[in-house]
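For reference, the chains in residue letters:
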Amino acid sequence: MIDFKSLVKMAVVSLKINKMRSMLTSLGIIIGVSAVIIMLAVGTGASERVQKDMESMGSNILTIRSASAKSGGVRMGAGTKPTLTLKDAQAIMKNARGVSAVASVSSESKQLTYGNQNWATTVYGTDPEYFYIKNYEVNSGRGFVREDLKNSAKVTVIGSTVAAELFGDLDPIDRTIRVGGIPFRVIGTLKSKGSMGPMDQDDLIFIPITTAQKKVFGTVFPGTVSMIVVKGSDPDDVSLAEQDIEELLVARHRIGKNQENDFEIRNSAEFQEKMKSTVQTFAILLASIASVSLLVGGIGIMNIMLVSVTERTKEIGIRMAIGAKPSDIRIQFLIESFLLSVIGGLIGVAVGVIGSQIVQITGVMNVSISLFSILLSLGFSGAIGVLFGYYPAYKASLLNPIDALRYE
């Protein structure tokens, strides 16, 4: 019967005798494990950040844009041909299944001024429902009400970036700003949502859609909007809503069977899934690259263990001469290799966690350390020790006791 306790003690003693060699042997595993943990933390952090950004933009959303205008054969892009109307939005809310809210939107870039301060931003003309659909929350004051749309009131709700740029530490509520030269009373400010990539979600202002059409943007076609935003009542209902909306708009716009639609519908869920898939692929790629370090560390362990077998040939011969079986020799060297990997793995975990925290503190990017990544790294490092330590252990177990005792 194999005495594992004695074999572990002998392996520990052997590693202690050659402390410097053991430390250098484990260095590859330390670097590999720490690299895997940091890369997985970066990948997970990026995935969580994308998820948070997606949630801040709203979920279960369908965006309907008007068609692309053409000029001299050049297509100008979605939303440049006015084909959507306020009545289309009302019809969608009334007739499409699986819809919980609908908002009409028109937007233009305008210069804002307050006193001697000015700021250029995007002005959105929209409905009160837009704030619910896009998860905007009022920080102070109030949002729009139906009376504001009915009266085409010159009131505005501003994002936190605009508030900071125009008012600094002043309270913006009930102060008057000029939007493209037209005075508007600030009735509310929004809670900050932060940036999503290069887009600052707080650098904008909202005004009633009727006010935008009649007094700010102007339009050749009264009642038209550049975009309609729809929120599904449930993720499972979004596809049904999309189908109903397309059929409804085709009928309302009198689009023939062989004619191209004068609108396009985009599903936010598809975009979100693509973003998640891209980030996950990125995280796997980073972890795969870092795993190469573990393989290199395993090769280092195998080389050192082969050297150790050669140096300890006489010791192996003595053990065999007093009754040790080849399996005892093999298991002893496997235990040594396993211990080297696990000790290196534990140190690597500590280095990886500290490194991830440094990345987080410096603000380079968000990181998120999971228990899974730590256990995966430790398990992988242990497996590397057994895998790359097996050949040296097997070679040691095949030594002839007489030849081993004669070895100088």
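Residues numbered from 1 in each chain as written. Predicted model: local features only at pLDDT ≥ 70, side-chain atom pairs only at ≥ 80, totals over all residues. Heavy atoms only, no water.

Here we come to the overall build of the chain. Broken down by element type, the chain carries 13 helices and 16 strands. In the chain, which comprises 408 residues, the proportion classed as buried is 45%. Long-range pairs, those at least 24 residues apart, make up 76% of the contacts in the chain between residues at least 6 apart in sequence. For the chain, the computed accessible surface area is about 21,100 Å², with 59% contributed by carbon and sulfur atoms. (Helix = DSSP H or I, 4+ residues; strand = E, 2+ residues; numbered from the N terminus. Buried < 20%, exposed > 50% of the residue type's maximum accessible area, 1.4 Å probe, protein only. Contact = heavy atoms within 4.5 Å. Areas by Shrake-Rupley, 256 points an atom, 1.4 Å probe, with all protein chains shown as cover.)

Turning to helix H6 (residues 160–167), its buried residues are Thr161, Val162, Ala163, Leu166 and Phe167. Phi turns positive one or two residues past the end of H6, at Gly168, with a value near 60°.

Moving on to the packing of aromatic side chains. What the rule picks out here adds up to eight aromatic pairs. Ring plane angle 40° and centroid distance 5.6 Å describe the contact between Tyr124 and Phe206, whose orientation is recorded as tilted. Placement of Tyr124 in strand E6 (residues 117–126) and of Phe206 in strand E13 (residues 204–208) is noted, with a sequence separation of 82 residues between them. An identical accessibility class is assigned to Tyr124 and Phe206; each is buried. Three or more aromatic residues joined by ring pairs make a cluster, and in this case those are Tyr124, Tyr130, Phe131, Tyr136, Phe144 and Phe206. (Phe/Tyr/Trp six-rings, centres within 6.5 Å; stacked < 30°, edge-to-face > 60°.)

Moving on, we come to the pairing of strand E9 (residues 176–179). Judged by which residues are buried, E9 turns out to be one-sided: Ile177 and Val179 face inward and are buried, whereas Thr176 and Arg178, on the alternate face, are not. Bridging between strand E5 (residues 99–114) and E9 involves two bridges; their strand directions are antiparallel. Paired with Thr113 across the two strands is Arg178, which belongs to E9. Direction of pairing for E9 relative to strand E10 (residues 182–190): antiparallel, over a ladder of four bridges. Note on E10: the bridge partner recorded for Arg178 is Pro183. The hairpin turn running from E9 into E10, its antiparallel successor, is two residues long, and Gly180 in that turn takes a positive phi close to 60°. (Pairing = 2+ DSSP bridges.)

Time to look at unusual backbone geometry. Phi is positive for Asp174, close to 70°, though the residue is something other than glycine. The phi dihedral of Arg254 is positive, around 55°, even though this residue is not glycine. Residue position: Arg254 is located in the loop between helix H8 (238–252) and strand E16 (263–267).

Another point: the nonpolar core. Among the nonpolar cores identified, the biggest contains 25 residues, and Ile29, Val33, Ile316, Ile329, Phe333 and Ala396 are the most heavily contacted of them. Of all the secondary structure elements, the ones that give two or more residues to this core are helix H2 (19–57), helix H9 (268–311), helix H10 (313–321), helix H11 (326–362) and helix H12 (371–397). Among residues more than four places away in sequence, those in contact with Ile29 are Leu294, Gly297, Gly298, Ile301, Ser341, Gly344, Gly345, Ser381 and Ile384. Leu84, Ala96, Ile228 and Ala241 belong to the second-largest nonpolar core, a separate cluster that totals 22 residues. (Core = buried A, V, L, I, M, F, W, Y, C linked by side-chain atoms within 4.5 Å.)

One can find Met365 in the loop between H11 and H12. Considered as a pair, Met365 and Gly43 are 322 residues apart in the sequence and their alpha carbons are 10.0 Å apart. In contact with Met365, not counting residues within four places along its chain, are Val42, Val359 and Gln360.

The next thing to look at is a positive patch on the surface. Together, Lys154, Arg178, Lys214 and Lys215 line one region of the surface with positive charge. As for its position among the elements, Lys215 is in helix H7 (residues 209–216). Classification of Lys215 as partly exposed rests on a relative accessible area of 38%. (Patch = residues over 30% accessible without salt bridge, like charges linked within 9 Å, V, L, I, M, F, W, Y side chains within 5 Å. Salt bridge = Lys/Arg side-chain N within 4 Å of Asp/Glu carboxyl O. Lys, Arg positive; Asp, Glu negative; His and termini not counted. Charge placed at Lys NZ, Arg CZ, Asp CG, Glu CD.)

All of the buried residues in H10 are Thr313, Ile316, Gly317, Arg319 and Met320. The buried residues of H10 occupy an angular sector of 165° when the element is viewed end-on, so they sit on one face. Phi turns positive one or two residues past the end of H10, at Gly323, with a value near 120°. (Arc of directions from axis to C-beta.)

Okay, the packing of helix H3 (residues 86–95) against H8 next. Running from N to C, H3 and H8 point in directions that differ by 135°, and their axes come no closer than 10 Å. By the angle class used here, H3 and H8 are oblique. Two packed elements cross with a definite hand, and for H3 against H8 that hand is right-handed. Of the residues in H8, those in contact with Lys87, Asp88, Ala91, Ile92 and Asn95 of H3 are Ile245, Leu248, Leu249 and Arg252. In the contact of H3 with H8, the residues fall into five nonpolar, one polar and three charged. (Axes fitted to C-alpha atoms, helices over the stretch in contact; angles between N-to-C directions. Parallel < 35°, antiparallel > 145°, perpendicular 65-115°, else oblique. Left-handed = near helix turned anticlockwise from the far one by under 90°. Nonpolar A, V, L, I, M, F, W, Y, C, P; charged D, E, K, R; others polar.)

Bringing the pattern of salt bridges into the picture now. Per the counting criterion, the structure on display carries eight salt bridges. Between Arg146 and Glu129 there is a salt bridge, and its shortest N-O distance comes to 2.7 Å. Taken together, the positions of Arg146 in helix H5 (residues 146–150) and Glu129 in helix H4 (residues 129–133) put the pair 17 residues apart, joining distant regions of the chain. By relative accessible area, which is 25% here, Glu129 ends up partly exposed. Here Arg142 and Asp148 are joined by a salt bridge, their closest N and O atoms 2.9 Å apart.

Honestly, it's all geometry; don't read function into it.
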